[in-house]
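Structure assessment
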Amino acid sequence: MPTQATLADEFGVERGTVRQALRILAAEQLLANVSKGSPATVAPYAGRVQDGPEARPQSTTVSLAPRISAAFAAPEVTIDALCLTSGSLTLAMGEPLREIHAGRIKPARVDVRVLLPSRTIELAFPTPVADGDGDSDRLHGRWLTQRNAQAQVLQHNLLALRATHGIDVHVTFRALPFTPPVKLYLLNGAEALFAFYTLRRGGEEIDHEYLETYDTEGTRSTLFPFGRGTGLRDETFVDQARQWFDALWGTISSDLEFRD
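Residues numbered from 1 in each chain as written. Predicted model: local features only at pLDDT ≥ 70, side-chain atom pairs only at ≥ 80, totals over all residues. Heavy atoms only, no water.

**Details of the overall build of the protein chain**
Worth spelling out the cut-off: A helix here means a DSSP run of H or I that spans at least four residues, while a strand means a run of E at least two residues long, and both kinds are numbered starting from the N terminus. Values of the radius of gyration come from C-alpha atoms, whereas the globule rule sets the reference at 2.2 Å times the count of residues to the power 0.38. Burial here depends on accessible area, computed with a 1.4 Å probe over protein chains only, as a share of the maximum for the residue type. Under 20% is buried, over 50% is exposed, and the range in between is partly exposed. Here, residues are in contact when the closest pair of their heavy atoms is within 4.5 Å. All accessible-area figures derive from a Shrake-Rupley calculation using a 1.4 Å probe, and residue coverage is judged against the displayed protein chains alone.
From N to C terminus, the protein chain includes seven helices and 13 strands. Relative to the 2.2 N^0.38 estimate, which gives 18 Å for 260 residues, the radius of gyration of the protein chain is 18 Å and therefore close to what a compact globule would have. Principal axes of the C-alpha set define a box for the protein chain whose edges measure 50 × 45 × 40 Å. Taking all 260 residues of the protein chain together, 45% fall into the buried category. Sequence separation of 24 or more characterises 71% of the internal contacts of the protein chain that already satisfy a separation of 6 or more. Carbon and sulfur atoms make up 51% of the accessible area of the protein chain, which amounts to about 13,400 Å² in all.

**Digging into the sheet that holds strand S10 (residues 199–206)**
Note the following rule: Pairing between two strands is assigned when DSSP locates at least 2 bridges connecting them. Only the stretch in contact is used when a helix axis is fitted, and all axes are lines through C-alpha atoms; the angle between N-to-C directions ranges over 0 to 180 degrees.
With respect to topology, three strands assemble into an open sheet ordered S6-S11-S10, the strand pairing being antiparallel. Strands with a single pairing partner mark the edges of an open sheet, and in this sheet they are strand S6 (127–128) and S10. Sheet analysis places S6 next to strand S11 (residues 209–216), joined by two bridges and oriented antiparallel. The partner of Pro 128 across the bridge, within S11, is Thr 213. Packing of helix H6 (residues 135–165) onto the sheet brings it into contact with S6, S10 and S11, and relative to S11 it is tilted by some 65 degrees.

Now the structure itself:
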């Protein structure tokens, strides 16, 4: 992995945010050797998520990437996502992108649609525990910087496949007028992955000041899979989730602006 300083500079975030992200990935056994003095290393791949009625749902960090990779095995890939930021999706795209660059897979078309909160709304979370002078503005600015950086990295990495591999790629973002209490991923119209954003009290350093916050660790949210061919309940959930996403996309969402 790059150094913490390199990651902070690349994504335009504070060093403390990078350290927190690395600790989360280490807790999920995706990174090893996470320490202050040396760059982290990628942990050995743990294998695919196990499906079936007895399979235990896992965190977004563990289960999203292999499911995204499986979706990229199709000749035409469609991915719809509704989330607070696109950080988890951006990370999960790493494996299929590596497979494409290695020549092991090559879909003909990739369509990605992402719904994110608008930059103009007052977020329900993250929010300061006690709103001091300018704390909400500083926290909102930190979130907006992350939202923009992660979305632009996702967009850049996918659109680059046009030039490098001749894949017909389309990436579109829309802005929501509310803070989503859940995250949702729809893969190839056949699978829906759903998770709750559970709030926790914590704190972080923003502009060299410690701020107590109510926030969610989206990467650690438990992701519940629903798929076609696994029963009427799951198929109904996939259909309803797709209809909900399409309704939000086509009605109250607006063009998303990448600016602070």
